[in-house]
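# Per-entry structural report
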Amino acid sequence: MPGNDLVNERNAWFIHDRFGLFIHWGIYASAARHEWVKNRERLTDAQYQRYFDHFDPDLYDPREWAKVAKNAGMRYAVITTKHHDGFCLWDSRLTDYKAPNTPARRDLLRPFVEAFRAEGFRIGFYHSLIDWHHPEFPVDGLHPQRDDLAFREQEKHRDIRKYAEYLHGQVRELLTEFGKIDILWLDFSYSQRDWGWSKGKGKDDWQSEKLIAMVRELQPHILINNRAEVDGDFVTPEQVQPRGWVEVNGRRVVWEACQTLNGSWGYDRDNLNWKSPDLLLRMLIDSVSKGGNLLLNVGPTARGEFDPRARGILDSIGQWMHAHGRAIYGCTQSDFPAPPDCRYTQGGDRLYLHLFAWPFRQVFLPGLKGKVAYAQFLHDASEVAVADDEDDAVVLTVPIQPPDVAVPVIELFLT
Ligand code: GLC
């Protein structure tokens with residue numbers, strides 16, 4: 001199969017499982033207008049403090065989240081331990097800026113890890129390299145106080161080495177106090193940015209090589225993404241559908257697209273750019289058909305729940321996954337060229353034809369003459385007539401009415 005050379009002992013589960021849940025959760029959920037609100041609205045620490053003071057997720061039940069995610073067919077979950085605002089979900093010894101000091105009064109990460117593990121999920125930690133709260137994080141062009149000249153002047157002394165020590169210390173906590181962690185998702189580097197009065201930050205600032213060496217020592221099996229400016233285990237196209245198998249320097253790589261439900265990662269109440277379940281399913285299928293994964297995000301509310309719109313979408317995806325998971329898990333790109341309006345995914349000798357648009361009666365599959373032993377709809381295992389065509393194609397005959405599933409799939413048993 002294409003991409004077989006990319007599979008190794010550490011990443012085999014990841015490539016197999018294909019579909020994960022991303023969680024962006026922190027005090028920005030209270031603002032409810034994007035996780036970058038502090039940056040976008042240039043809020044000072046004092047102004048942002050109100051979200052810390054009022055964060056009380058009394059309905060938080062990660063067992064419920066895990067059930068919803070499992071039902072949606074997701075197999076791993078990556079949660080924000082800290083986002084760019086610097087707020088920490090766990091009871092870090094290195095800061096007071098953490099969930100136990102909000103009205104939540106507890107570590108919110110640990111119950112998540114336990115609940116998701118109990119449902120069989122692999123666990124990933126998203127951890128922000130950027131920190132707009134830490135007093136030693138040098139002010140730069142992305143910082144909320146970037147336009148405040150007096151503040152910039154007053155904070156000139158900030159020492160990134162002190163911040164890096166904090167960063168490394170926190171990653172050490174995360175990788176020693178929560179058991180086996182399967183993914184470390186660091187975010188993000190921007191060393192190419194230059195505002196004149198300040199430069200972006202990257203691997204020299206984070207001391208990424210040292211950081212990654214520590215991570216690999218603490219959790220040798222862990223998978224690390226590519227956002228610390230050192231080679232990682234997978235790359236992370238964000239809010240885009242790649243046009244083909246993602247390549248780096250002309251070589252195919254392991255990749256995972258991360259996508260939002262409505263364009264925002266953190267809970268964003270008034271943002272109405274919700275993608276339909278059908279679209280999200282097509283994005284999942286499209287990713288797998290190009291050899292990649294999908295990490296689909298939910299931004300829970302400040303009460304600690306999935307918004308009903310998010311919940312509804314995951315339920316619909318789950319309905320499809322219930323019958324079609326076989327065309328996702330363990331599948332990858334096929335060498336056969338898919339016909340128009342279709343995608344192929346393939347797992348061993350099973351080729352899955354995903355029909356994004358419903359054809360009139362016949363579907364021609366080039367290159368498959370003599371290669372299909374049997375064909376059936378996947379949702380109900382009902383036979384689909386298959387015949388050889390004159391050229392190198394086979395032809396499938398389908399009913400006028402599409403089956404009542406979000407994306408119909410025909411399973412082809414290859415000879
Ligand atoms: C970005 C954003 C961010 C989000 C992330 C997810 O780099 O800064 O808010 O967490 O991507 O991929």
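Rules and cut-offs
Residues numbered from 1 in each chain as written. Predicted model: local features only at pLDDT ≥ 70, side-chain atom pairs only at ≥ 80, totals over all residues. Heavy atoms only, no water. 1 Å grid on protein atoms, 1.4 Å probe; cavity = no way out; pocket = protein on both sides within 12 Å on 5 of 7 lines; lining within 4 Å. Points joined across faces, edges and corners; volume = space filled by probe spheres on them. Pairing = 2+ DSSP bridges. Helix = DSSP H or I, 4+ residues; strand = E, 2+ residues; numbered from the N terminus. Contact = heavy atoms within 4.5 Å. Axes fitted to C-alpha atoms, helices over the stretch in contact; angles between N-to-C directions. Near = heavy atom within 4 Å. Polar contact = N/O pair within 3.5 Å; in protein donor to acceptor, adjacent residues only side chain to side chain. Nonpolar A, V, L, I, M, F, W, Y, C, P; charged D, E, K, R; others polar. Domains from an automatic or database assignment. Salt bridge = Lys/Arg side-chain N within 4 Å of Asp/Glu carboxyl O.

### Some details on the layout of surface pockets
Space inside the largest pocket adds up to approximately 430 Å³. Asp-231, Gly-232, Val-235, Val-248 and Val-253 are the residues nearest the centre of the largest pocket, which is lined by 15 residues in total.

### Description of the sheet that holds strand β4 (residues 183-187)
Strands sit in the order β5-β4-β3-β2-β1-β9-β8 across an open sheet of 7 strands; the sheet is parallel. Each of the sheet's edge strands pairs with one partner strand only, and the pair in question is β5 (223-224) and β8 (256-259). In this structure, strand β2 (residues 76-82) lies alongside strand β3 (residues 122-128), joined through 6 bridges in parallel fashion. Residue pairing in the sheet places Val-78 in a bridge with Gly-124 of β3. In this fold helix α12 (residues 308-324) packs onto β1 (19-23) and β9 (293-298), with an angle of close to 150° to the strand it touches most, β9.

### A short note on the site of the ligand
Near the ligand lie 14 residues; those nearest to it are His-24, Glu-35, His-83, His-84 and Glu-238. In this structure, an oxygen atom belonging to the ligand sits 3.2 Å away from a side-chain N or O atom of Tyr-126. Take Glu-238: an N or O atom from its side chain is 2.9 Å from an oxygen atom of the ligand. When grouped by side-chain class, the residues that make up the shell around the ligand number 7 nonpolar, 3 polar and 4 charged.

### Things to note about the domain arrangement of the protein
Interface size, as often reported, equals the accessible area lost upon joining of the parts. Split by domain assignment, the protein resolves into domain 1 (4-327) and domain 2 (342-414). Taken over C-alpha atoms, the centre of domain 1 sits 38 Å from the centre of domain 2. Of the residues lining the interface, 12 residues belong to domain 1; the matching set on domain 2 comes to 15 residues. For the pair domain 1 and domain 2, the number of links is 2 salt bridges. Residues Arg-343 and Asp-286 are paired through a salt bridge, measuring 2.6 Å at the closest nitrogen-oxygen approach. Of all elements in the fold, only α11 (277-289) and α12 reach the threshold of two or more residues within the side of domain 1 that touches domain 2.

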